[in-house]
Every structure is written in structure tokens, then in C-alpha cells.
Amino acid sequence: MRSILPFAVVLVALAYAQGQVDITLIPGNSGAGAVQAVVNTLRNSCAFPNDYHFLRRLAFAASQDGTDPDTYRLGFDGGIWQVNQTLFQATKTSAMLVNVWPKIQSTFNIDWSKVQWSDLRKPLYSGIAAMLTLIRLSNSQIPREAERQAGFYHDKIMPQVANSGYNFLQIIKNLDNECSTNVLDIAFLVDSSTTVSPDNFEVAKQFASKVVGDFNIGPNDVRVAFVTFSSGYKPYFDFQRYTTKADVQSAIMAVQKVEGVTDTHLALRYASDRLFTAASGSRSSATRVAVIITDGRSGNNFEAVKNAQALKDRGIILFVIGVGDDVDSTELISMASSPKCTHVQELDDYAELNSLISEVRAVSCSVPGLDFGMYTFPCTQQQTYSVDTKGVTSIVVTPRSGFVSVYGSYSQASVNSGNPDVVTLATSSRPAVIYISDKNRPLYLSVRSDLTQTGQCSTDYDVQIVPTNAIKKDANNICITNGVVRTCTVLDILMALYQVSRPNNLGFPNPCDPNRPGYFVYPNNPFRFIYCDRSGNAYVVNCPSNYYYDDLSKDCVKGFPPTIPPTTSTTTQKPATTSTTKKPTTTYRMPNTGTTDMYVLQYFPECNSTAYRSGIRFFGYNLNESKYIQCSGYPGLGVLKDCQEFHKWNQDYQSCVYKEIVIDWTKNIYQSTPRPLDYLCKSGEASIFFHSHPTDQTKYIQCDEFGDAFIKDCPRNEIWSQLLSTCVPGIPARNILG
């Protein structure tokens, strides 16, 4: 008899195991989540020029992110971005856009030459059509500032509507203030070398001050640091120096220019080694951004790129702005975070800096990235995090009180209960574990606690990220492979807990059969066992030190196995043993028998390694057919158990079965003669059979698969017909003759 699970595995977690549904490809989909998913997809692909958030604003202005009731009206297929049929046809006939088609094909696997207007009901297709339209109408010079975009909107997109540019600005006001995080550490690393004029240095400071003006500054909100570099670097203030917006802006404008060369690499090393640390007020739970502004190439390109990488490896986002003709584009790209097309900006002069305020804010509003380590967050803080899986990764969420809801998404930074790929619960006694077995795209993680609900977390929760399989027996486990969310298998759990191998040759007959997973004692080694999966593959599982395998609990248990007597052949009697080697009587608790049933372990030659390999754990007892032997997890040892009343052991069926004539099983009424065989009942029949009763026509015999005979009565005034195998109207022959 096999057990499918080695231990109780309770899966409270709910996972969308059929894989993720791409919300950008659902016809008729709408809402900010769908729009942001499209915008993120297009921006991160770098297939198009920077749109400076024009595409995002345009969706809101055109259709309220598709929530306007007229968005998907009958006869109009322009989708969320409301691309009319004329504009759509232009995306297919414009000579300049044909050159973009190969990028669309290679990046999104979309052949734009075959796209129909009706396809624009899918948000991604509508977004691509809108992006192509912006490129065509602007001749690839998409305006940067919102004011210029409003003018472009009036002149090129909605010229027939009076005041459309003004209306555009009014509509997007609230949209531009949206931010997915309120926990931000942002540092400005500003070039003050000799090549930067005093006026341009003032413009750079004003730019930083305006960026800060868009945030709520405070110890629990946004923290700001400011560093200049020329010959060396000068830290003016770190993240814990100022706690109000006015103080930060005043401090920025008071920074003095220091002449010298361009030691960008030294400022980057300071930022990595000292600035983005707890000692300087930086928080591991925050989105961390470094904005670098320079007008020239670093004095040490190799060190600059290396130090920038050290920052990126710690999860700090690098936004690099190069101004003028003397910058090294390759160096800027090497220093910046990915995607490069959104994290590197090259300007002709400092006067254009203000056009990047929205760009910096967008990067700063991105979710914080969590690297390997332990993090603690307050349960009252609703925050989303990004976990960039670089290989095998486990995310363990444990609240310190109550429970929290855990959501995960591969497409939505604003992940919540409405659009998750993963959703589960974590409690203070049962954590949630998300195990990602391979390198994948970043997973957005959101942990929520609603204090209005009884039992939810009101203190802190811990998030631990480790480069291992951290699945636990007492956890809500979810597994992700190749981006597909699934329920964790028993093998996943075994591999997390024990050393598991899959040998090509066990050295003995493979006990595994397809579609019959289970567990087997490893011959002559109580410190390991064999796990068989549904494909019939055998895995050798080694118990940890000071643990041994208990076949009854189907798991490794702490301690050492009882002394194992010498093995012997099943065809010979047990050899004599001396008093110094005889195993003392040991009590053994059997499974599924209640908490008080204890049995005595005894030596039975039937419980040998051959039987273990063949999967046989039960044997008849030669001295009494109403008893049977159940082998334990220790070779050579087992217990003697009793069959139920009126049952005898049947070795073929590995079970206790009836061995009497059954008259009324509900009242335990049986007879011993004639035998079941006299009624033509044979064990092993493929189906149930019926036979005539040998002495009474009003009765018949029903045989079961074990060869047991059941005496059944025909209804009143009916007799058995063997020809028809049923009771028919009639009178017994003896009554007729009488």
C-alpha cells in the first residue's frame, strides 16, 4: 500500500496555475492597469523613441483610459487611444513607419502589415497604432514638455475641436501627480567641473529643486541627498539631513560651484559605499534613485562604469543626463539602469533640463527593487516592490502578527486583488513562500493588510529573499517555472527540505510504476528513502544528519532507527540469536489506528529487502488466517494485526475479505457450509456473477470479486431464472408438486 504524500501538505495558497493572462491583449479591456501595462511594455522594449509620457497622457485624454462608455462603440475600432480609421491606415502606408515594422515584429511578434483596424480593440495594438501616429505626425520629434504636447494635440490630433490643447492640460493634471510609491530616496549627483558655466550650474540646481517640489518630503516619505563632483566630490547633505520640502530646496539652491575636472567615478563610488547606506539615512525598503547630471566624460571611464554597476547591483536606479557635445554616449549608456532608452537622456543644453522633470519623476515613482536579504515593513504601509529574479529565488513573507494578503504580478506594478498572477495568505505561524525556479522577468509584489478586518496584521511583516528553494512544510507554497504559476509538487517540497538525486541506476530493481507515486524504504539504509513520481522516475532522498526514514509517517524523523536484526531468506527459518544480539521488544504506533493503539515490533522473515523493493508491505500469518503481518519501516520488523470479524486474510488482494457464506452482513449472520466454492464463486473474477441456489428456487447466489457468496432472496411470488439471470414470476417446483 502506497501513500501519495510523505507528510500533511496543506495548500491554502491560491495560484492562477494556468499561466498569466496578458491584459494588454484582451479585446475591449480598459482601465489604468491596462493602459499602464501597454505603456510599460512599449517603453521597456525600446522599440520606439521616447514619448515623454505623451502616450500615457493621450490615453487619459482620449477615452479616460478606455472607461468612457463610447470607447468601444459599435462601428468604431480605435480602442483606448481612439485611433480612427484614417490615422490607422496611415500607419500602414507611411514610408517612414515601414522601417519601424521589423522592430514591432521582433519585439512583439506582430506583423503590422497584416493588422486590421478591428485589432485595435486590444489595448496593445491600439497603443502601438497611437505610438506610430505620434512618430509620423512629429517626424520622430515627439515634444517633451506637457505644454508642448498640448499644443501638438491641438494642432495635429484634434484641430477640429476648439480649445483642445487647453482641455488636454486640464484633463492630465491629476494624472501627472500619480505615483506608485511614497517611500523614495533620491540623490542628485551634479557636475560642477570647470566646463560647466555658473549659469548652467544654477539651471541644474533649479532643475533638482523643481523635481523635489513634486514630492512630499519627510522622514517617512521622500528623502533627498545632494552631491557635486569635479576634482573629487563634495557631499552637501545626505538623506537624513533635511526633513521638509522648503529646507531641501533652500539647501539645494545654496550649493556652491567647485571648479575642477570631471571625477564622475569618485562620486559614484561615494554613492555606492557611503551615501546609499543606513548610516546616511537611506532605506532598503525605499525606491532608491541616483540622478546624474554631467556635461562631459568621466576622468576614469572604467571606474565610472564599474562603480555605477555596483550601485545597480544593490537595486539603486541610475538616471543619467548628458548635456552638450562633449559627453560620451557609450559611457552614459553603460552607467544607466535598464531599459537604457528611458534611463539615458542627452540634451543640447542645460535649458532643456526642465523638460525632463516628468521623466525623473516617472523613474522615481517606479517600485523599489528588493535584492537578496531580509526586509521589514509596517503592515499599515501599502507598498509594491519589485523582485528581479536572477535565477533560483524564494520570497518568504511572514507577518509578526495576524495575517496579510500577498499579491504578485508580472505585468502590473499596481498589483492588487483585481489583477494578480499570484494571490496567497501569510500568517504569523504559516508564512507564504513564492519559489521561482528559473530566471524570469521582475515580479511585482504587494503585501496588504486591512485593519478594518478582524485578525489582520497590525504590526510589521518580514520579507526575506534568498537564492535558494525555501519551500517549507508549514507554509503556503507557490511555485513559478518559466513564468507559469503552479501548485508546488511533492518533489519541489522534498528538494527544498532534503538532498535529492535522480540516479541512472539504483543498483536494485526500480520499485516505481507510472501514475503511482509513492515512497519506498531504501534497502539496507534507514537514512534514505526512494520517492517515485507519476512518471515512474525514482529519486533518492537523503535524510539530514540525526534523522532516519520512518515508512509509516512517510518522512524523515529525528533520532536513530531501532537496532535491525540480521536479514534472512524468506525460505528458511529465523536463525538462532544470542542474548547479546537479540532485539528488545519495542512498542510501535501504527498509522490510522487512533492515538492509543500500540503494537509490538517483532521479527518476520517476510519483511525482507526483496519485499520492500517489490512494494509489498502485508503478508498472511501462517498460524492464523484471521491475522496478517504489516511490515514496519525497518527491514525484518513488523507487527501482527487482526482482520475484522468474519474476515480472513487474502494475499492476492492484500486485504481481509469474507470467507463465509453471507446470509445477513448487517447482523453478522453467516454459515460455514457449503463453502463459497460450492456456489461457483471464484476469486479474481473481473465482474460480479449470479448463480442459482442449490436447494431453494426463491433464492440466488451473488458472487463478489473476492469469491465470497451472498445469499439473496427473490421478491415474493418470484423464483430465480438462471437463463435470464434474474428473478421472474413463478412458484417453486416443490410447491407445485405438493
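Let me sum up the structure you'll find in this document. (Residues numbered from 1 in each chain as written. Predicted model: local features only at pLDDT ≥ 70, side-chain atom pairs only at ≥ 80, totals over all residues. Heavy atoms only, no water.)

Considering the overall build of the protein chain
A tally of helices and strands in the protein chain yields 18 helices and 38 strands. Within the protein chain, buried positions represent 50% of all 738 residues. Restricting to contacts in the protein chain with at least 6 residues of sequence separation, those with at least 24 account for 66%. For the protein chain, the exposed area adds up to about 34,400 Å²; of that, 50% sits on carbon and sulfur atoms. (Helix = DSSP H or I, 4+ residues; strand = E, 2+ residues; numbered from the N terminus. Buried < 20%, exposed > 50% of the residue type's maximum accessible area, 1.4 Å probe, protein only. Contact = heavy atoms within 4.5 Å. Areas by Shrake-Rupley, 256 points an atom, 1.4 Å probe, with all protein chains shown as cover.)

Some thoughts on the state of the cysteines
For the structure on display, the rule yields seven disulfides. Cysteine 46 shares a disulfide with cysteine 341; S-S distance 2.0 Å. On the sign convention where negative is left-handed, the bridge of cysteine 46 and cysteine 341, at about -85° about the S-S bond, is left-handed. In this pair, cysteine 46 is assigned in the loop between helix 1 (32–45) and helix 2 (54–63) and cysteine 341 in helix 14 (residues 340–343), connecting sequence segments 295 residues apart. Residue classification places cysteine 46 among the partly exposed positions, given a relative accessible area of 31%. (Disulfide = S-S within 2.5 Å.)

What to know about helix 6 (residues 123–138)
Helix length check: helix 6, at 16 residues, gives a terminal C-alpha distance of 22 Å against a target of 22 Å (1.5 Å per residue), a fit within 8%. Note on helix 6: the residue one or two positions beyond its end, asparagine 139, has a positive phi of about 55°. (Expected span 1.5 Å × (residues − 1).)

Details of the packing of aromatic side chains
Tallied over the full model, the rule gives 23 aromatic pairs. With a centroid separation of 6.4 Å and 15° between ring planes, the pair formed by phenylalanine 48 and phenylalanine 108 is classed as stacked. Residue phenylalanine 48 is located in the loop between helix 1 and helix 2, and its partner phenylalanine 108 is located in helix 5 (residues 101–108); the two are separated by 60 residues in the primary sequence. Each of the two residues, phenylalanine 48 as well as phenylalanine 108, counts as buried. Centre to centre, the rings of phenylalanine 226 and phenylalanine 237 are 6.3 Å apart; their planes meet at 25°, and the pair counts as stacked. You can see phenylalanine 226 sitting in strand 3 (residues 222–230) and its partner phenylalanine 237 sitting in strand 4 (residues 232–237), a full 11 residues away along the chain. The same class applies to phenylalanine 226 as to phenylalanine 237, namely buried. Through a chain of ring-to-ring contacts, three or more aromatic side chains come together here, namely Tyr519, Phe529, Tyr531, Tyr539 and Tyr549. For arginine 73, the ring lying beneath its charged end belongs to phenylalanine 76, and the centroid distance is 3.9 Å. (Phe/Tyr/Trp six-rings, centres within 6.5 Å; stacked < 30°, edge-to-face > 60°. Lys NZ or Arg CZ within 6 Å of the ring centre and 35° of its normal.)

Topic: the sheet that holds strand 20 (residues 518–521)
Strands belonging to one sheet form pairs held by backbone hydrogen bonds; the direction of such a pair is parallel or antiparallel. Taken together, the four strands give an open sheet; going across it, the order is 19-22-21-20, and neighbouring strands pair in antiparallel fashion. If you trace the sheet from one side to the other, it starts and ends with strand 19 (499–501) and strand 20, each paired once. Direction aside, neighbouring strands of the sheet carry axes that sit 30° apart on average. In this structure, strand 19 lies alongside strand 22 (residues 538–542), joined through three bridges in antiparallel fashion. Bridge assignment links valine 500 to a residue of strand 22, and that residue is valine 541. Contacting strand 19, strand 20, strand 21 (528–532) and strand 22, helix 16 (residues 490–497) runs over the sheet at an angle of about 155° to strand 21. (Pairing = 2+ DSSP bridges. Axes fitted to C-alpha atoms, helices over the stretch in contact; angles between N-to-C directions.)

Description of unusual backbone geometry
At aspartate 65, a position not held by glycine, the phi torsion is positive, near 60°. Inspection of the secondary structure puts aspartate 65 in the loop between helix 2 and helix 3 (85–93). Unusually for a residue other than glycine, asparagine 546 sits at a positive phi of about 70°. For asparagine 546, the position within the fold is in the loop between strand 22 and strand 23 (547–550). You can call asparagine 546 partly exposed: its relative accessible area is 42%.

Some words on the sheet that holds strand 3
Pairing within the open sheet is mixed, and its six strands lie in the order 4-3-2-5-6-7. Both outer strands of the open sheet, strand 4 and strand 7 (344–347), are each paired with one neighbouring strand and no more. This sheet shows a mean twist of 15° between the axes of neighbouring strands, independent of strand direction. Both strand 3 and strand 4 contribute to a ladder of five bridges, which runs antiparallel. When the bridges of strand 4 are listed, phenylalanine 229 appears paired with tyrosine 233. Across the sheet, helix 11 (residues 264–275) lies against strand 2 (184–191), strand 3, strand 4, strand 5 (287–294) and strand 6 (317–323), angled at about 45° from strand 4, the strand it touches most.

Looking at the packing of helix 9 (residues 198–213) against helix 10 (residues 245–253)
With their axes 9 Å apart at the nearest point, helix 9 and helix 10 run at an angle of 170° to one another. One finds that helix 9 runs roughly antiparallel with respect to helix 10. Contact residues: helix 9 offers Glu202, Lys205, Gln206, Ala208, Ser209, Val212 and Gly213, while helix 10 offers Lys245, Val248, Gln249, Ile252 and Met253. Residue composition of the contact of helix 9 with helix 10, grouped by class: five nonpolar, four polar and three charged. (Parallel < 35°, antiparallel > 145°, perpendicular 65-115°, else oblique. Nonpolar A, V, L, I, M, F, W, Y, C, P; charged D, E, K, R; others polar.)

Observations concerning a negative patch on the surface
Taken together, Asp325, Asp326, Asp348 and Asp349 make up a surface patch of like negative charges. As for its placement among the helices and strands, aspartate 325 is situated in the loop between strand 6 and helix 13 (329–335). Judged by its relative accessible area of 78%, aspartate 325 is exposed. (Patch = residues over 30% accessible without salt bridge, like charges linked within 9 Å, V, L, I, M, F, W, Y side chains within 5 Å. Salt bridge = Lys/Arg side-chain N within 4 Å of Asp/Glu carboxyl O. Lys, Arg positive; Asp, Glu negative; His and termini not counted. Charge placed at Lys NZ, Arg CZ, Asp CG, Glu CD.)

Scope: geometric values only; no functional claims are made or implied.
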